Amino acid sequence: MADPPLIAILEDEAAIRRIMAETLENAGFRTLSFARATEFEAALRQITPDACLVDLGLPDRDGLALVHRLATESGAAIIIVSGRAQVQDRVTGLELGADDYIIKPFEPAELIARIRARLRRPAASTRGDQRARARFAGWMADFDSYVLTAPDGTETPMSHAEAEVLRMFLDHPRRLISRAQMLEILGGAGGESFDRAMDVRISRLRSKLGEDPKNPQLIKTIYGAGYIFLPDISWV
Ligand code: CA
């Protein structure tokens, strides 16, 4: 059996940090806790957690800048856990690449549910692990390593959220996918924040795929209806 998922916790308040670690360990996860962003970043050079829980109000670093770095450099799911409840903070967090945003105080059960939802790897959804790599339009997407390889061989890491969205497209090629279907496939609370998060993820994915936002060739927007993934796909 595989090791239980490893969750890194970055939280400067000792009491909250302890509650989070206990809650997660009782739910069967492994945890590593950090009070300072510098320690957390140093550790992340050595280990790759499955998910990172990141507080925004930190004594030594701007949490949002940290989230942005993690989203571009790490394949881990990134979940902001913050007392900042403003819509703008949430939107900014998602735009910077976070996979989810949990507002303090949180219910332990909610924390666990949100982490589990983010850890459902795209490869585990409908296909076996042998179908972890797909080729399309000269690109290669690897859902084990979360790496996207361009036709010229350049490799770009995908965040968990980007991989999830790409996997959804690859599982439903050349078919209109509506927002309602996305919600069904990817799960989530729905509503405006889901729509906004999807827009952000699709635009990040398009930019990684080198798409011209005004004239995308791979992921087509059908206004008022949804999206279509156009290329032919082969699984390898
Ligand atoms: Ca704090």
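Residues numbered from 1 in each chain as written. Predicted model: local features only at pLDDT ≥ 70, side-chain atom pairs only at ≥ 80, totals over all residues. Heavy atoms only, no water.

A. Structural context of the overall build of the chain. A count of helical and extended segments in the chain gives eight helices and twelve strands. For a compact globule of 236 residues, the expected C-alpha radius of gyration is about 18 Å, and the chain comes in at 18 Å, within 12% of that figure. Judged by the C-alpha coordinates and their principal axes, the chain covers about 50 × 40 × 30 Å. For the chain, the proportion of its 236 residues judged to be buried stands at 48%. In the chain, of all internal contacts separated by at least 6 residues, the share reaching a separation of at least 24 is 59%. Between the mean site of the 30 positive side-chain charges and the mean site of the 34 negative ones, the chain shows a separation of 4 Å. (Helix = DSSP H or I, 4+ residues; strand = E, 2+ residues; numbered from the N terminus. Rg over C-alpha atoms; globule rule 2.2 N^0.38 Å. Buried < 20%, exposed > 50% of the residue type's maximum accessible area, 1.4 Å probe, protein only. Contact = heavy atoms within 4.5 Å. Lys, Arg positive; Asp, Glu negative; His and termini not counted. Charge placed at Lys NZ, Arg CZ, Asp CG, Glu CD.)

B. Inspection of helix 5 (residues 108-119) at higher detail. Compared with the 16 Å implied by 1.5 Å per residue over twelve residues, the 17 Å span of helix 5 between its first and last C-alpha is a close match. Listing the buried residues of helix 5 in full gives Leu111, Ile112, Ile115, Arg118 and Leu119. Take helix 5 and look down its axis: the buried residues cluster within an arc of 130 degrees, on one side only. (Expected span 1.5 Å × (residues − 1). Arc of directions from axis to C-beta.)

C. Summary view of the sheet that holds strand 1 (residues 6-10). A sheet is described by the order of its strands in space; here five strands give the open sequence 2-1-3-4-5, paired in parallel fashion. Strands at the two margins of the open sheet, each flanked by one partner only, are strand 2 (30-34) and strand 5 (100-103). Neighbour-to-neighbour, the strand axes of the sheet open up by a mean angle of 20 degrees, direction not taken into account. Summarising the sheet, strand 3 (residues 51-54) and strand 4 (residues 77-82) pair through four bridges and their orientation is parallel. Residue pairing across strands places Ala51 opposite Ala77, the latter belonging to strand 4. (Pairing = 2+ DSSP bridges. Axes fitted to C-alpha atoms, helices over the stretch in contact; angles between N-to-C directions.)

D. Expanded view of the sheet that holds strand 8 (residues 147-149). Judged by pairing direction, the sheet is antiparallel, and its five strands sit side by side in the order 9-8-7-6-12 without closing on themselves. Two strands in the sheet have a free side with no partner beyond their single neighbour: strand 9 (155-157) and strand 12 (233-235). Strand-to-strand twist in this sheet, taken as the mean axis angle between neighbours without regard to direction, amounts to 20 degrees. Pairing geometry for strand 7 (residues 139-142) and strand 8, over three bridges, is antiparallel. Paired with Met140 across the bridge in strand 8 is Thr149. Most of the contacts of helix 6 (residues 160-171) go to strand 12, to which it runs at about 105 degrees, and overall it touches strand 6 (133-136), strand 7, strand 8, strand 9 and strand 12.

E. Up close: the domain arrangement of the chain. According to the domain assignment, the chain consists of domain 1 (6-118) and domain 2 (133-235). If you average the C-alpha positions of domain 1 and of domain 2, the two centres end up 24 Å apart. The interface is formed by 15 residues belonging to domain 1 together with twelve residues belonging to domain 2. For the pairing of domain 1 and domain 2, the buried interface totals around 1,100 Å² over both sides, and the portion due to carbon and sulfur atoms is 44%. Of all residues in domain 1, Glu95, Asp99 and Arg118 bury the most surface against domain 2, accounting for 41% of the area lost on that side. Where domain 1 packs against domain 2, one counts one salt bridge. The salt bridge partner of Arg118 is Glu164, with a shortest N-O separation of 2.8 Å. For the pair domain 1 and domain 2, the number of links is four residue pairs in polar contact (both at pLDDT 80 or more). (Domains from an automatic or database assignment. Buried area = accessible area lost by both parts, 1.4 Å probe. Salt bridge = Lys/Arg side-chain N within 4 Å of Asp/Glu carboxyl O. Polar contact = N/O pair within 3.5 Å; in protein donor to acceptor, adjacent residues only side chain to side chain.)

F. A look at the coordination of the calcium ion. Taken together, the protein donors to the calcium ion comprise Asp12 (OD), Asp55 (OD) and Gly57 (O), at separations of 2.2 to 2.4 Å. Written as a sequence motif, the donor arrangement for the calcium ion is D-x42-D-x1-G. (Donors = N, O, S within 2.8 Å, 3.2 Å for Na, K, Ca; no water.)

G. Quick look at the side chain of Thr31. Among the structural elements, Thr31 can be located in strand 2. Among the polar contacts made by the side chain of Thr31, one reaches the side chain of Glu25 at a distance of 2.4 Å. Leave out the neighbours within four places in its chain, and Thr31 touches Leu6, Ile7, Ile9, Ala21, Leu24 and Glu25.

H. Spotlight on the packing of helix 7 (residues 179-186) against helix 8 (residues 191-208). Interaxial distance between helix 7 and helix 8 falls to 11 Å at its minimum, and their mutual angle equals 85 degrees. Taken together, helix 7 and helix 8 sit at an angle that is classed as roughly perpendicular. Residues Arg179, Met182, Leu183 and Leu186 of helix 7 pack against Phe194, Asp195, Met198, Asp199 and Ile202 of helix 8. Classifying every residue of the contact of helix 7 with helix 8 by side-chain character gives six nonpolar, no polar and three charged. (Parallel < 35°, antiparallel > 145°, perpendicular 65-115°, else oblique. Nonpolar A, V, L, I, M, F, W, Y, C, P; charged D, E, K, R; others polar.)

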